[in-house]
Each structure stands twice: as C-alpha cells, then as structure tokens.
Amino acid sequence: MTAFQRACGLAELDEDTPKRVELDGTPVAVVRTGGEVFAINDICSHANVSLSEGEVEDCQIECWLHGSAFDLRTGKPSGLPATRPVPVYPVQIDGDDVLVSLSQES
C-alpha cells in the first residue's frame, strides 16, 4: 500500500509556481499547473540544485542554473545538459490537502 502524507494545502499553491516541501528528509517540488498538481524530486539530476527555484511552463519545470527542463508527469529531461530523469511521486487531493507518496512513479 502506498503511504500518502500531507505536503501542503491546495490553497498554498499558486498556478505555475513551484513550492518546495520536505517529506521524510526528501526535497519535493509541488506544482499546480493546468488544473493538475504534480510532485517531483526537487533536485536537478545534472547540477544538484533546487528545481523549485525554476520556472514552470507547458507541464515542465526548468532548472534555473543550466536550463534543463523536466516533464512534471515523467521526470524525464527534455534537453541537455541533463540526461537523467528525476523521480516523480503520486499525488492525491483530499479536500484542501495535497498528499504525496514518496513511492516513486517513474
């Protein structure tokens, strides 16, 4: 069974603005975009910097340091310099609570 835990309130999420949270010591970027909420590991696989400091567009989050963008659904990079995906996590909405499971989807 996948254990979900509260990451934040839905009202705390501005559209296309990542929010960094820490769950069991794991940094997670929670993003509300296009009517959906996504959770992705907050560390860029290329440069070890926080993705939540980057911009969100077209269901991708861009690393502010070198410009690699990662798909919020799959974690896969869309271009160099990153070549490795970052983990994405299952999300559930319960009322105003955004729940995230650290069980990796991809």
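All figures in this text were calculated on a predicted structure; none of them were measured in a lab.

**Quick notes on the environment of Ile93**
And then number 1: Relative to the helices and strands, Ile93 is located in strand E9 (residues 91-94).
And then number 2: C-alpha separation for the pair Ile93 and Ala69, spaced 24 residues apart in sequence, amounts to 25 Å.
And then number 3: Ignoring sequence-local partners within four residues, the contact set of Ile93 consists of Leu10, Val37 and Val98.

**Some points on the UniProt feature "domain: Rieske" (unreviewed entry) in the protein**
And then number 1: Those places that UniProt annotates as "domain: Rieske" (unreviewed entry) correspond, in this numbering, to residues 5-100.
And then number 2: With 0% helix and 44% strand, residues 5-100 has its two end C-alpha atoms placed 5 Å apart.

**Looking at unusual backbone geometry**
And then number 1: Backbone torsion omega between Leu80 and Pro81 reads 10°, so that peptide bond is classified as cis.
And then number 2: Inspection of the secondary structure puts Pro81 in the loop between strand E7 (69-71) and strand E8 (88-89).
And then number 3: Phi at Asn48 is positive, roughly 55°, even though this residue is not glycine.
And then number 4: Mapped onto the secondary structure, Asn48 falls in the loop between strand E4 (36-41) and strand E5 (56-57).
And then number 5: If you check the backbone angles, Asp58 has positive phi at about 55° while not being a glycine.
And then number 6: Residue position: Asp58 is located in the loop between E5 and strand E6 (60-62).
And then number 7: The exposed category is assigned to Asp58, whose relative accessible area is 62%.

**Considering the pattern of salt bridges**
And then number 1: According to the stated counting rule, one finds six salt bridges in the structure shown.
And then number 2: A salt bridge links Asp97 to Arg6, with the shortest nitrogen-to-oxygen separation between them at 2.7 Å. Here Asp97 is found in strand E10 (residues 97-101), whereas its partner Arg6 is found in strand E1 (residues 4-9), with 91 residues between them in sequence.
And then number 3: Assessed through its relative accessible area of 27%, Asp97 is described here as partly exposed.

Rules behind the numbers
Residues numbered from 1 in each chain as written. Predicted model: local features only at pLDDT ≥ 70, side-chain atom pairs only at ≥ 80, totals over all residues. Heavy atoms only, no water. Helix = DSSP H or I, 4+ residues; strand = E, 2+ residues; numbered from the N terminus. Contact = heavy atoms within 4.5 Å. UniProt positions renumbered as here; feature names shortened; annotations may be inferred. Buried < 20%, exposed > 50% of the residue type's maximum accessible area, 1.4 Å probe, protein only. Salt bridge = Lys/Arg side-chain N within 4 Å of Asp/Glu carboxyl O.

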